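Structural description and commentary
Listed below, chain by chain, are the residues.
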Amino acid sequence: MQVGKASIKFEEPPVIESMASIVGKKEGEGPLGKLFDVVEQDDMFGADTWEQAESALQKQTADLAIEKGDIRKKDIRYLFAGDLLGQLIATSFGTVDLEIPLFGLYGACSTMGEALNLGAMTVAAGYADKIIAMASSHFATAEKQFRFPLAYGNQRPFSATWTVTGCGAVVVSKHKNEGIAAITGITTGRMVDMGSKDSMNMGAAMAPAACDVIYHHLLDFERKPEDYDKIITGDLGKVGKEILIKLLREKGIDIAEIHTDCGIEIFDCEEQGTQSGGSGCGCSAVTLSAHFLKQVEKGALKRILFVPTGALLSTVSFNEGQSVPGIAHAIVIEHA
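I will try to describe carefully the structure that is included in this document. Just so it is clear, the structure is predicted and the values come from calculations on it, not from any experiment. (Residues numbered from 1 in each chain as written. Predicted model: local features only at pLDDT ≥ 70, side-chain atom pairs only at ≥ 80, totals over all residues. Heavy atoms only, no water.)

Within the protein chain, the regular secondary structure consists of 11 helices and 17 strands. Computed over its C-alpha atoms, the radius of gyration of the protein chain comes to 18 Å, within 12% of the 20 Å expected for a compact globule of 336 residues. The burial tally for the protein chain puts 59% of its 336 residues in the buried class. Within the protein chain, counting contacts between residues at least 6 apart in sequence, those at least 24 apart form 78% of the total. With 31 positive and 44 negative side-chain charges, the protein chain shows a spacing of 3 Å between the two charge centroids. (Helix = DSSP H or I, 4+ residues; strand = E, 2+ residues; numbered from the N terminus. Rg over C-alpha atoms; globule rule 2.2 N^0.38 Å. Buried < 20%, exposed > 50% of the residue type's maximum accessible area, 1.4 Å probe, protein only. Contact = heavy atoms within 4.5 Å. Lys, Arg positive; Asp, Glu negative; His and termini not counted. Charge placed at Lys NZ, Arg CZ, Asp CG, Glu CD.)

Next comes the structure, spelled out in structure tokens:
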């Protein structure tokens, strides 16, 4: 099952059995608005604080994924989930009532990729029949932790991305003929640090990591870009997309015709004022669940490479003047 230096090709591919996506009002007003399961008009989700709101968002999304798949909660062996907040408080508080054994994950905006990597390996190895992979983010909690309080009203540079308020969840099950899509392979990314120190330009920090994992994925699987209908990055936005394409061309690989980015898909940047696009753990999670998996399910896309990207900075590292390392993980998803 091991191929190359960092990849796994599943002999009996796990399948995505169910999926759910819940987003906030702004995301619902974007190009994909009609595709999400729920567009919540109250960004507080009935809670008293922004952090409690994100926890409520996670709980609702996990419950919905289980309900849509007509699955018994007790049949979910493990939950692989994470968010952007310190100590994963949205996840740790939000999943208590689920009573499912939890692996709390932090990969910044690449967390959905990390969850799918680990979840698919766990199912394929026979350690679980069903798992949930889930990731969330919330615009207000992320701004509060990483940038400025909302009341400050600061201007945002054109390179900045807008943190998505949303949560995406998928139920991954052991190999069978039926399912929304099959996870046929994964490539685990490594840390890449090109010295970027601009916290308002995450695309520049993450693009080198996306380039690295895509390059090694193609080497490991002995494939070319045209072997995929789409190569989908997570949160690079307009700035990061241009950098990624340039970096891969320097390696003799051209993905321009088949590449898209969840951060660009989810918002109309011009009309909605989101500068470079969307970001956050929830960005790639909800765009995959609501948009791309549906296209794979009906066969409009036969094989995609899903590459969520993360910038691993913290308020401590940024204030100490450290650069922003990036990471990305790749998942091969095919029509079942």
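For the rest of this paragraph, the subject is the nonpolar core. Counting 50 residues, the largest nonpolar core has Leu 116, Val 170, Ile 183, Leu 293, Phe 306 and Ile 333 as its most contacted members. In this structure, Ala 210, Leu 244, Ile 253 and Val 324 belong to the second largest nonpolar core, which totals 28 residues. (Core = buried A, V, L, I, M, F, W, Y, C linked by side-chain atoms within 4.5 Å.)

Okay, the side chain of Glu 27 next. Within the secondary structure layout, Glu 27 lies in helix 1 (residues 25-28). Side-chain polar atoms of Glu 27 contact the backbone nitrogen of Thr 165, separated by 3.0 Å. Non-local contacts of Glu 27, meaning those with residues more than four positions away in its chain, are made with Gly 33, Phe 36, Thr 163, Val 164, Thr 165, Ile 266 and Phe 267. (Polar contact = N/O pair within 3.5 Å; in protein donor to acceptor, adjacent residues only side chain to side chain.)

Turning our eyes to something else, we now look at unusual backbone geometry. One can expect most non-glycine residues to show negative phi and most peptide bonds to be in trans. A positive phi angle, close to 50 degrees, is found at Phe 45, a residue other than glycine. Here Phe 45 is to be found in the loop between strand 4 (38-39) and helix 2 (50-68). Of note in the backbone geometry, Glu 222 takes a positive phi value of approximately 55 degrees without being a glycine. Relative to the helices and strands, Glu 222 is located in the loop between helix 6 (202-221) and strand 11 (230-233).

It is worth spelling out helix 7 (residues 237-250) at this point. Here helix 7 spans 20 Å end to end across 14 residues, near enough to the 20 Å set by a 1.5 Å rise per residue. Along helix 7, the residues classified as buried are Gly 237, Gly 240, Leu 244, Ile 245 and Leu 248. Angularly, the buried residues of helix 7 cover 135 degrees about the axis, an arc narrow enough to put them on a single face. Of the residues in helix 7, the exposed ones pointing more than 90 degrees away from the buried face are Glu 242, Lys 246 and Glu 250. Those residues of helix 7 that are buried lie in contact with helix 6, strand 11, strand 12 (259-261) and helix 8 (262-265). After helix 7 finishes, the residue Gly 252 shows a positive phi value of roughly 80 degrees. (Expected span 1.5 Å × (residues − 1). Arc of directions from axis to C-beta.)

Turning to helix 6, a few remarks are in order. Since the α-helix packs 3.6 residues into each turn, any two residues three or four apart lie on the same face. The end-to-end C-alpha separation of helix 6 is 28 Å, in line with the 28 Å expected for 20 residues at 1.5 Å each. Across the 20 residues of helix 6, 16 count as buried, placing the element largely inside the fold. After helix 6 finishes, the residue Glu 222 shows a positive phi value of roughly 55 degrees.

With that out of the way, let us pick up the packing of helix 6 against helix 7. Where helix 6 meets helix 7, the axes come as close as 8 Å, and the angle between the chain directions of the two elements is 40 degrees. It follows from the interaxial angle that helix 6 and helix 7 lie oblique. Every pair of crossing elements has a handedness; the one defined by helix 6 and helix 7 is right-handed. Where helix 6 approaches helix 7, its residues Gly 203, Ala 204, Ala 207, Pro 208, Ala 210, Cys 211, Ile 214 and Tyr 215 are matched on the opposing element by Gly 240, Ile 243, Leu 244, Leu 247 and Leu 248. (Axes fitted to C-alpha atoms, helices over the stretch in contact; angles between N-to-C directions. Parallel < 35°, antiparallel > 145°, perpendicular 65-115°, else oblique. Left-handed = near helix turned anticlockwise from the far one by under 90°.)

Below, the discussion takes up the environment of Glu 27. For Glu 27, a relative accessible area of 2% corresponds to the buried category. Sequence separation of Glu 27 and Arg 190 is 163 residues, and the distance between their C-alpha atoms is 30 Å.

Within the structure shown, the criterion is met by nine salt bridges. A salt bridge links Asp 75 to Arg 72, with the shortest nitrogen-to-oxygen separation between them at 2.9 Å. A relative accessible area of 27% places Asp 75 in the partly exposed class. Shared partners join several salt bridges into a network, and the residues in it are Lys 59, Asp 63 and Lys 73. (Salt bridge = Lys/Arg side-chain N within 4 Å of Asp/Glu carboxyl O.)

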